[in-house]
Amino acid sequence: MSRTALILPVRNAGRHLDRLLPALAAQSLRPDEWLVLDSESSDDSKARLLAAGASVVSVRAADFNHGGTRRLASELCRAEVLIYLTQDAIPADPDALRRLRDAVLAEDDIGVAYGRQLPQPDAGLLGAHARRFNYPPLSRTKRLADAAELGIKTCFSSDSFAAYRHAALKAVGGFPADVIGTEDAHVAGRMLLAGWAVRYEADARVHHSHDYGLLEEMRRYFDIGVFYGRERWIAEHFGRAGGEGRRFLRSELAAVRGAGQPWRQPEVLLRSALKLTGYRLGHAERWLPPALKRRLSLFPGYWK
């Protein structure tokens, strides 16, 4: 069986480790390598992860980049399968890692497999709905020919919990060295264009969700808009996100009505308007002053 590496980028992960470390210890798949990239944690994350058996590489917080740091990890690992996991993604059962590893190896052309993200136990209504919308219960393998049906969803992937075939990752040039985020869609899109497939494996599950505030949501979509504004090849090959955004809005309005909270519909509409504003500002970032971009972004250090 192919050697497997578990890669975990962390920064001040202490509040998650109480759940994450026991969940990893219970996994039926024991990775051959376990690499942690620690971005100058000020808590006891590094010590706890070393004690759990991980190899820890320090990354300067000022140098952290979602694509570049994951690229570094892939260069430090020798395994054939690289499983990336974020510090707040908690395996939902003992077979989560094994099922994801098996998914990326199930067919010779699968380059990346990403798992199903379930809401955290304390997730709010909207945070839980977002996970159900993006991570359905049925698995699917996506290839370039599916772009006519799925549009931009074809290259949707999430490296909060994803397994990469190392050879496929190298074949498309690895993770981008310098992106503000959405590096997972970048890699998935390049893989699809190069003839690789993307697998969504619904049976490999983690608990991972966020309850974003209104302004945090706008800032998140500013960064997404920056990414898609710069990577225009994605829209050229897979379409734009507008139709998917409208479908999400309709489903979110239905979710609050179905939960008996129709008074939250104005909040949903406001949230959607702020996301659209953030996204469009991100698309137009080349005309914005650096000080404003730092205020609008969730990653102000990116705008050096």
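Predicted model only: the values in this text are computed from it and were never measured.

Novice: Before we go on, may I ask you to explain the overall build of the chain in this structure?
Specialist: Of regular secondary structure, the chain possesses 13 helices and nine strands. Computed over its C-alpha atoms, the radius of gyration of the chain comes to 19 Å, within 12% of the 19 Å expected for a compact globule of 304 residues. Taken along the three principal axes of its C-alpha coordinates, the chain extends 50 × 45 × 45 Å. Here the chain holds 304 residues, and the buried ones make up 53% of them. Nonlocal contacts in the chain, meaning residues at least 24 apart in sequence, comprise 78% of its contacts between residues at least 6 apart.

Novice: What's the story with the packing of helix 9 (residues 214-230) against helix 12 (residues 265-283) in this structure? I'm lost.
Specialist: For any two helices packed against each other, the geometry is given by the interaxial angle and the distance between the axes. Running from N to C, helix 9 and helix 12 cross one another at 35°; their axes reach a closest spacing of 6 Å. You can see that helix 9 and helix 12 cross each other, and the crossing is right-handed. Contact with helix 9, carried on its side by L214, E217, M218, Y221, F222, I224, G225, V226, Y228 and G229, involves L270, R271, L274, K275, T277, G278, Y279, L281, G282 and H283 of helix 12 and no other residues of that element. Class assignment of the residues belonging to the contact of helix 9 with helix 12 gives a composition of eleven nonpolar, six polar and three charged.

Novice: Would you take a moment to explain helix 12 for this structure?
Specialist: Along an α-helix, residues three or four apart share an orientation, since each turn contains 3.6 residues. For helix 12, with 19 residues, the first-to-last C-alpha span of 27 Å sits near the 27 Å given by 1.5 Å per residue. Residues V268, R271, L274, K275, G278, Y279, G282 and H283 constitute the buried set of helix 12.

Novice: Sorry, what's going on with the packing of aromatic side chains here?
Specialist: The relative placement of two aromatic rings is captured by the distance of their centres and the angle of their planes. All told, the structure shown has twelve aromatic pairs when counted by the stated rule. Relative to Y200, the ring of Y114 has its centre 5.2 Å away and its plane inclined at 35°; by these criteria the two rings are tilted. Here Y114 is found in strand 6 (residues 110-118), whereas its partner Y200 is found in strand 9 (residues 197-207), with 86 residues between them in sequence. Residue classification places Y114 among the buried positions, given a relative accessible area of 4%. The exposure class assigned to Y200 is buried, which follows from its relative accessible area of 4%. Aromatic rings pair up to connect Y114, Y135, F156 and Y200 into one cluster. Geometry around F156 places K153 over its ring, the cationic atom sitting 4.4 Å from the centre. Above the plane of the ring of W287 lies R286, whose end atom (NZ or CZ) is 5.0 Å from the centre.

Novice: Just checking my understanding: could you explain the packing of helix 1 (residues 14-25) against helix 2 (residues 45-52) for this structure?
Specialist: Contact geometry for helix 1 and helix 2: axes closest at 10 Å, N-to-C directions at 20°. Here helix 1 lies roughly parallel to helix 2, going by the angle between them. Considering only the axes of helix 1 and helix 2, their crossing is left-handed. Counting all contacts with helix 1, which are made through G14, L17, D18 and L21, the residues of helix 2 involved are S45, R48, L49 and A52. Among the residues forming the contact of helix 1 with helix 2, the class breakdown is four nonpolar, two polar and two charged.

Novice: Help me out: how do you make sense of the side chain of D88 in this one?
Specialist: Note on placement: D88 falls in the loop between strand 4 (81-85) and strand 5 (90-91). For the buried residue D88, which engages in no salt bridge, the nearest side chain bearing the opposite charge is R15, 6.4 Å off. Polar side-chain contacts of D88 include one of 3.1 Å to the side chain of T86. One polar contact links D88 to H208, side chain to side chain, over a distance of 3.2 Å. Ignoring any residue separated from it by four or fewer positions in sequence, one finds D88 in contact with H16, Q120, H207, H208 and H210.

Novice: Looking at this structure, I do not really get the side chain of H283. What am I missing?
Specialist: Mapping H283 onto the fold places it in helix 12. Among the residues examined, H283 registers a relative accessible area of 19% and is labelled buried. With sequence-adjacent residues up to four places away left out, H283 is seen in contact with G225, V226, Y228, G229 and R232.

Novice: Looking at this structure, I do not really get helix 1. What am I missing?
Specialist: An ideal rise of 1.5 Å per residue puts 16 Å on twelve residues; helix 1 measures up with 16 Å between its terminal C-alpha atoms. Every buried residue of helix 1 is accounted for by G14, H16, L17, L20, L21, A23 and L24. Projected down its long axis, helix 1 shows its buried positions confined to an angular sector of 165°, all on one face. In helix 1, the exposed positions angled more than 90 degrees off the buried face are occupied by R15 and D18. Where helix 1 is buried, its residues contact strand 1 (4-10), strand 2 (33-38), helix 2, strand 4, strand 5 and helix 4 (96-105).

Rules used in this analysis
Residues take numbers from 1 onward in each chain, read along the sequence in its written order. Selection of residues for local features in this predicted model requires a pLDDT of at least 70, selection of side-chain atom pairs for listing and counting requires 80 or more, and totals for whole chains, interfaces and linings are taken over all residues. Each side-chain value is derived from all of the structure's non-hydrogen atoms; neither hydrogens nor water enter the calculation. Helix and strand assignments come from DSSP, with helices taken as H or I runs of at least 4 residues and strands as E runs of at least 2, each series counted from the N terminus. Every radius of gyration here is taken over C-alpha atoms, with the globule rule written as 2.2 Å times N^0.38, N being the number of residues. For every residue, the accessible area (1.4 Å probe, protein chains only) is compared with the maximum for its type, and the residue is labelled buried under 20%, exposed over 50%, or partly exposed between those bounds. Two residues form a contact once any of their heavy atoms are found within 4.5 Å. Only the stretch in contact is used when a helix axis is fitted, and all axes are lines through C-alpha atoms; the angle between N-to-C directions ranges over 0 to 180 degrees. Left-handed describes a crossing in which the near helix is turned anticlockwise from the far one by less than a right angle; the clockwise case is right-handed. The nonpolar class holds Ala, Val, Leu, Ile, Met, Phe, Trp, Tyr, Cys and Pro. Asp, Glu, Lys and Arg form the charged class, and all remaining residues, Gly among them, are polar. Here the expected span of a helix is defined as 1.5 Å times the quantity of residues minus one. Two rings belonging to Phe, Tyr or Trp (six-membered ring only in the last case) form a pair when the distance between their centres is within 6.5 Å. Interplanar angles under 30 degrees mark stacking, angles over 60 mark edge-to-face geometry, and anything in between is tilted. Comment: the charge-over-ring label is applied if NZ (Lys) or CZ (Arg) is within 6 Å of the ring centre and within 35 degrees of the ring normal. Angles below 35 degrees are treated as roughly parallel, those above 145 as roughly antiparallel, those between 65 and 115 as roughly perpendicular, and all remaining angles as oblique. His is not counted, nor are the chain ends, whereas Lys and Arg count as positive and Asp and Glu as negative. Only one rule defines a salt bridge in this text: a Lys or Arg side-chain nitrogen within 4 Å of an Asp or Glu carboxyl oxygen. Contacts described as polar in this section are N or O atom pairs within 3.5 Å, which, within protein, must combine one atom able to donate a hydrogen with one able to accept it, while residues neighboring in sequence count only if both atoms come from side chains. Throughout, the arc means that of the directions going from the helix axis to the C-beta atoms.

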